[in-house]
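Descriptive structure summary
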Amino acid sequence: MDERAALRLLAADLPSAGDDAAVVDDLVLTTDMLHETTDFPEGTTRYTAGWRAVGASLSDVAAMGAEATAAVAVYADRDFAEADLRAFVRGAREVCEAVDAEYVGGDLDDHAEFTTATTAVGRTDDPVLRSGAESGDLVVVTGTLGRSAAALRHFEQGDTERGNDLFRFTPRVDAGRALAESATAMMDSSDGLARSLHQLAEASDCAIEFEWDALPADESVETLAESESDRREMTAFFGEDFELVATLPESALPAVRAASPTAISVIGRAIDSDGDSETGVGRVVADGAPVPDRGYTHGE
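Residues numbered from 1 in each chain as written. Predicted model: local features only at pLDDT ≥ 70, side-chain atom pairs only at ≥ 80, totals over all residues. Heavy atoms only, no water.

Of the regular secondary structure elements, the protein chain holds eleven helices and twelve strands. The globule rule puts the C-alpha radius of gyration for 300 residues at 19 Å, and the 18 Å found for the protein chain is close to it. A principal-axis box enclosing the C-alpha atoms of the protein chain has dimensions of 55 × 50 × 40 Å. Expressed as a percentage of the 300 residues in the protein chain, the buried residues total 52%. Of the contacts formed within the protein chain by residues at least 6 apart in sequence, a portion of 84% connects residues at least 24 apart. Counting every atom, the protein chain has about 13,500 Å² of accessible surface; 47% of that belongs to carbon and sulfur. Side-chain charges of the protein chain comprise 23 positive and 60 negative groups, with the mean position of each set lying 3 Å from the other. (Helix = DSSP H or I, 4+ residues; strand = E, 2+ residues; numbered from the N terminus. Rg over C-alpha atoms; globule rule 2.2 N^0.38 Å. Buried < 20%, exposed > 50% of the residue type's maximum accessible area, 1.4 Å probe, protein only. Contact = heavy atoms within 4.5 Å. Areas by Shrake-Rupley, 256 points an atom, 1.4 Å probe, with all protein chains shown as cover. Lys, Arg positive; Asp, Glu negative; His and termini not counted. Charge placed at Lys NZ, Arg CZ, Asp CG, Glu CD.)

Following this line, the structure appears as structure tokens:
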């Protein structure tokens, strides 16, 4: 079975799971695993790998509206080259510093391919879940979409410097804290915007409508996209952007924008669901047409 089927299988035995991170006594906890063959294109530096891997876990903390506290990582490889190891730790440390957290170490292991597992912790006494969106709420996203899709194309074209630059994102911890004051539901877009919207709609028992032209495409997408359908593929379906997707009352938008250091774009609205599909297809529409529940799946 694929990742999503496995998660559904485990859901009955893990009733506290289902959001971007677990919350236990105000402690936010999340973990991720990334592999060289599936997550780091050829040309990805160890510095970028450390930044991106730890950043992915910090993004989950941000999605709960929490303050980021610390992170650790497992570094596994065929051997421990000093330059690679030092670069990885420097990337991990600097992405933590970017969100006022601390990188506090981890573990080393032998492995047939470069693999890293990361854990981040944070704190909040009022986490934002995926399940609170209400009909009439605005749907917003932080930053821009399509950076990772553009990065992959640069890697494929041999422009590894630009690919690495785009792969290093800033986790939206500060924006998450600003959104937490008013957001009714929130998650990150690591699996892709379209899939995130389906997951929010399903968790909140609502539907979501948005406009394609409202999506804030990264400037790198505008340069690389070969057509409008290609632009949509890069911004909505590719995933791995680690922006925040949230719903909030329209009246709260000015205050949230004033408090967030990151741009907040309105892309649509939550609406009443007609419950026409158990899979969620049809619960998300763009410009009046259904948007498929498609995005990034780990291991593919």
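So, next bit.
This part covers the nonpolar core. Counting residues in hydrophobic clusters, the biggest one holds 44 residues, and the most contacted among them are Val54, Leu58, Val140 and Leu179. Broken down by secondary-structure element, the contributors of at least two residues to this core are strand 2 (27-35), helix 3 (46-63), strand 3 (67-77), helix 4 (82-98), strand 6 (138-142), helix 7 (173-180), strand 9 (244-248) and helix 11 (253-259). Residue contributions to this core peak at nine residues, all from helix 3. Both domain 1 (3-123) and domain 2 (138-290) contribute no fewer than three residues apiece to this core. Once residues within four sequence positions are removed from consideration, Leu179 is found in contact with Val140, Thr142, Met186, Leu244, Ala246, Val256 and Ile264. In this structure, Met187, Leu193, Cys206 and Ile267 belong to the second largest nonpolar core, which totals 24 residues. (Core = buried A, V, L, I, M, F, W, Y, C linked by side-chain atoms within 4.5 Å. Domains from an automatic or database assignment.)

Another aspect to go through is the layout of surface pockets. Taken as a whole, the second largest pocket holds about 170 Å³ of empty space. Every residue lining the second largest pocket is listed: Thr38, Asp39, Phe40, Pro41, Arg52, Ser148, Leu152, Phe167, Phe238, Glu240 and Tyr296. Those elements giving two or more residues to the lining of the second largest pocket turn out to be helix 2 (36-39) and helix 5 (147-156). Each of two domains, domain 1 (3-123) and domain 2 (138-290), supplies a minimum of three residues to the lining of the second largest pocket. (1 Å grid on protein atoms, 1.4 Å probe; cavity = no way out; pocket = protein on both sides within 12 Å on 5 of 7 lines; lining within 4 Å. Points joined across faces, edges and corners; volume = space filled by probe spheres on them.)

To continue, consider the packing of helix 5 against helix 6 (residues 160-167). The angle between the axes and the distance between the axes are what describe a pair of packed helices. Packing of helix 5 against helix 6 brings their axes to within 7 Å, and their N-to-C directions diverge by 160°. For the element pair helix 5 / helix 6, the angle class is roughly antiparallel. Between helix 5 and helix 6 lies a crossing whose hand is left-handed. Contacts between helix 5 and helix 6 pair Arg147, Ser148, Ala150, Ala151, His154 and Phe155 from the former with Thr160, Arg162, Gly163, Asn164, Asp165, Leu166 and Phe167 from the latter. Of the residues that constitute the contact of helix 5 with helix 6, the class distribution is five nonpolar, five polar and three charged. (Axes fitted to C-alpha atoms, helices over the stretch in contact; angles between N-to-C directions. Parallel < 35°, antiparallel > 145°, perpendicular 65-115°, else oblique. Left-handed = near helix turned anticlockwise from the far one by under 90°. Nonpolar A, V, L, I, M, F, W, Y, C, P; charged D, E, K, R; others polar.)

Next up on the list: the sheet that holds strand 9. Strands sit in the order 7-9-6-10-8-11-12 across an open sheet of seven strands; the sheet is mixed. Sheet topology places strand 7 (185-188) and strand 12 (289-290) at the edges, where each strand pairs with a single neighbour. The pairing of strand 8 (residues 207-210) with strand 10 (residues 264-271) spans four bridges and is classified as antiparallel. Within strand 10, the position partnered with Ile208 by the bridge is Ala270. (Pairing = 2+ DSSP bridges.)

Further remarks concern the UniProt feature "binding site: Mg(2+) 4" (unreviewed entry) in the protein chain. Mapped onto this structure's residue numbering, the UniProt feature "binding site: Mg(2+) 4" (unreviewed entry) falls at Asp20, Thr30 and Asp60. Spanning 41 residues, the named residues form one tight spatial group whose C-alpha atoms are at most 7.3 Å apart. One can find Asp20 in the loop between helix 1 (3-11) and strand 1 (22-24). Its relative accessible area of 8% is what places Asp20 among the buried residues. Excluding residues that lie within four positions of it along the chain, Asp20 makes contacts with Thr30, Asp60, Ala63, Met64, Arg130, Met186, Met187 and Asp188. Judged by relative accessible area, which is 6%, Thr30 ranks as buried. In terms of polar contacts, Thr30 uses its side chain to reach the backbone carbonyl oxygen of Asp20, at 3.4 Å. (UniProt positions renumbered as here; feature names shortened; annotations may be inferred. Polar contact = N/O pair within 3.5 Å; in protein donor to acceptor, adjacent residues only side chain to side chain.)

Bringing the confidence of the model for the protein chain into the picture now. Residues with a pLDDT of 70 or more make up 90% of the protein chain, whose mean pLDDT is 92. Residue range residues 278-282 is modelled with pLDDT below 50. Its contacts to residues more than four positions away, or to other chains, number eight contacts. (pLDDT = per-residue confidence, 0-100.)

This brings us to the side chain of Thr44. Looking at the element boundaries, Thr44 is found in the loop between helix 2 and helix 3. Engagement of the side chain of Thr44 in a polar contact is seen with the backbone oxygen of Pro41, the distance being 2.7 Å. Residues within four places of Thr44 in sequence aside, it is in contact with Ala49, Phe155, Asn164 and Phe167.

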